[in-house]
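Now for the letters of each chain:
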Amino acid sequence: MINSIRPIVVELLGQLGSSREARQYLEQFSQVNESHFAVIKVGGGILAEQLDELAAALGFLHRLGLYPIVLHGAGQQLDQALEEAGIATVKHEGLRVTTEDVMAVARPVIYRENARLVDRLEQHGVRARGLLHGIFECEFEDRDRLGLVGQVKQIDLTPIRTAVEAGMLPVVACLGETRAGQVLNINADIATRELVWKIEPYKIIFLTPTGGLLDDSGRIISSISLSSDYDDLLARDWVHSGMRLKLQQIRDMLEPLPPAASVSITSAVKLTRELFTHSGAGTLLRKGEQIDWLEDIPEPRRAALEQLIEASFGRQLQPDWLQGRRLHGLLIAQSNRAAAVVLCGHDGVPYLDKLAVTPEARGEGLGASLWQALISRCPQLYWRSRVNNPISNWYFQHADISHRQGEWVVFVNGCADFPQVDALTRDALQRDSGWLPEQAAGAQVSSGRIGEPA
Ligand code: ARG
């Protein structure tokens, strides 16, 4: 069944971006073992405002044969119910103090919200199973201060696995029990973290009504690499306490996970686009990976580097392309998905010979991190690019000086001296590309003026 509708779905997904992208992600997501695809945390706000959109988005994944594990809170609904019952909401270090009276109100509210989501999924033709108990075994977090609040001690994945094996989307509530069977309330973010650590899913998704983290002008930040952006972000005065906390929590959550794991914050409506396109729709957070600066190319990484370069240019390198190239340094991401080959150039200025980033890594913001690392290492730099190469537009924005010559553009950073720029330009144009010949590769040189981007 799934196989027969896949091509249609892929085409449909292609409407969002390219169908190649969509197919690639679908394959990636399908490769991971069924219940390891994703954990999706749904806040009470989404249940209140976007229930239909949520059911539709989850239904779409379900039809593709993907089984995200849905975990939901009910904070908003609970606040309201407590208010109606005349019970004050008391929090201690962000955790809801759960007296017996609070629990008496909370338990039915959580059951009700769980059932609402399951019912709505079923209405959308998605088989779903509400899981209210039997997953989180807890102890009291601090009985005197917090009352019936659980600290997760053990997680039993059987109910989740059984649901998935039966073709049902597991919809998990944030309730736990002590060994003796006392029901305890678990903070939804903590429950998410514990479940994520246990499952190690490929994707972790937070659905919020805003659909991402916002920058100082209210725009969604597309990607954050925690290793390079975290300190910087925390130092900004516009990063308010809620966002600070979110960033810290996400960093802690990703810490023990494999490097490929990532967190997406998006909304119900944007979920499909976030998952199936490179550029996404929402905020993608990764641990970020180390980018190494190497003064020579270690043999074990050479093949990976060549493969990356060839794949991203769609051309083949000469077998001996490195011969005669005097390496200044190689910047390369640990996953080998982004690299910059920098040569010793004219006049002691480094020449950027090749820059390659896989499209997928670009969506993650790895290209931007590589570029940051490159310009901080090489404040003076020159390079060239074909006019019709789409990346040229990006270079125009990131170079001090650009100079078009026929089908080439030469870019120079950090050199203001005209004769030097001129010499660097000439040097760039006469360099060997290292590619095996292609049909029509003849470089024409025509006149152009420095500082005049084409
Ligand atoms: N589709 C990919 C994923 O889900 C990339 C998403 C990119 N998203 C972004 N907000 N930059 O992992």
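Residues numbered from 1 in each chain as written. Predicted model: local features only at pLDDT ≥ 70, side-chain atom pairs only at ≥ 80, totals over all residues. Heavy atoms only, no water.

1. What to know about the sheet that holds strand β20 (residues 401-405)
Read across the sheet, 7 strands follow the order β15-β16-β17-β18-β19-β21-β20 without closing on themselves; strand pairing throughout is mixed. Of all strands in the sheet, those with a lone pairing partner are β15 (291-294) and β20, marking the two edges. Each strand of the sheet is rotated relative to its neighbour by a mean of 20°, with strand direction disregarded. By the bridge criterion, 5 bridges tie β20 to strand β21 (residues 408-413) in an arrangement that is antiparallel. Residue H403 lies in a different strand from β21, and its bridge partner there is V410. Helix-sheet contacts for helix α16 (residues 391-398) involve β18 (351-357), β19 (381-386), β20 and β21, and the interaxial angle to β19 is about 150°. (Pairing = 2+ DSSP bridges. Helix = DSSP H or I, 4+ residues; strand = E, 2+ residues; numbered from the N terminus. Axes fitted to C-alpha atoms, helices over the stretch in contact; angles between N-to-C directions. Contact = heavy atoms within 4.5 Å.)

2. As for helix α6 (residues 100-123)
An α-helical segment advances 3.6 residues per turn. Residues three or four places apart therefore align on the same side. With 24 residues, α6 ought to run about 34 Å at 1.5 Å a step, and its terminal C-alpha atoms sit 35 Å apart, in line with that. Within α6, burial applies to V102, M103, V105, A106, V109, I110, E113, N114, L117, V118 and L121. Just beyond α6, the residue with positive phi is G125, at close to 80°. (Expected span 1.5 Å × (residues − 1). Buried < 20%, exposed > 50% of the residue type's maximum accessible area, 1.4 Å probe, protein only.)

3. Side note on the site of the ligand
Taken together, Y25, K203, S222, E274, L275, T277, H278, S279, G280, G282, L284 and G363 form the complete shell of residues around the ligand. A distance of 2.9 Å separates a nitrogen atom of the ligand from a polar atom in the backbone of L275. In this structure, S279 approaches the ligand through a main-chain N or O atom, which is 3.3 Å from a nitrogen atom. Notes on the ligand: free accessible area 350 Å², of which the protein chains cover 97%. (Near = heavy atom within 4 Å. Polar contact = N/O pair within 3.5 Å; in protein donor to acceptor, adjacent residues only side chain to side chain. Areas by Shrake-Rupley, 256 points an atom, 1.4 Å probe, with all protein chains shown as cover.)

4. Remarks on the environment of R6
Looking at the element boundaries, R6 is found in helix α1 (residues 2-14). Taking C-alpha positions, R6 is 48 Å from T89, a pair spaced 83 residues apart along the chain. Apart from the residues within four sequence positions on either side, R6 is in contact with L26, S30 and L64.

5. Notes on the sheet that holds strand β10 (residues 183-185)
Strand pairing in a sheet relies on backbone hydrogen bonds. The paired strands run either parallel or antiparallel. Within the open sheet, the 4 strands sit side by side as β7-β6-β9-β10. Their pairing is mixed. Each edge of the open sheet is held by one strand with a lone partner, namely β7 (150-155) and β10. Averaged over all neighbouring strand pairs, the angle between strand axes comes to 50°, with direction disregarded. With 3 bridges connecting them, strand β9 (residues 175-177) and β10 associate as antiparallel partners. Pairing of L175 across the sheet is with N185, part of β10. Against the sheet, helix α9 (residues 188-199) makes contact with β6 (136-140) and β7, and its axis sits at roughly 15° relative to β7, the strand it touches most.

Bear in mind that shape data such as this cannot, by itself, settle questions of function.
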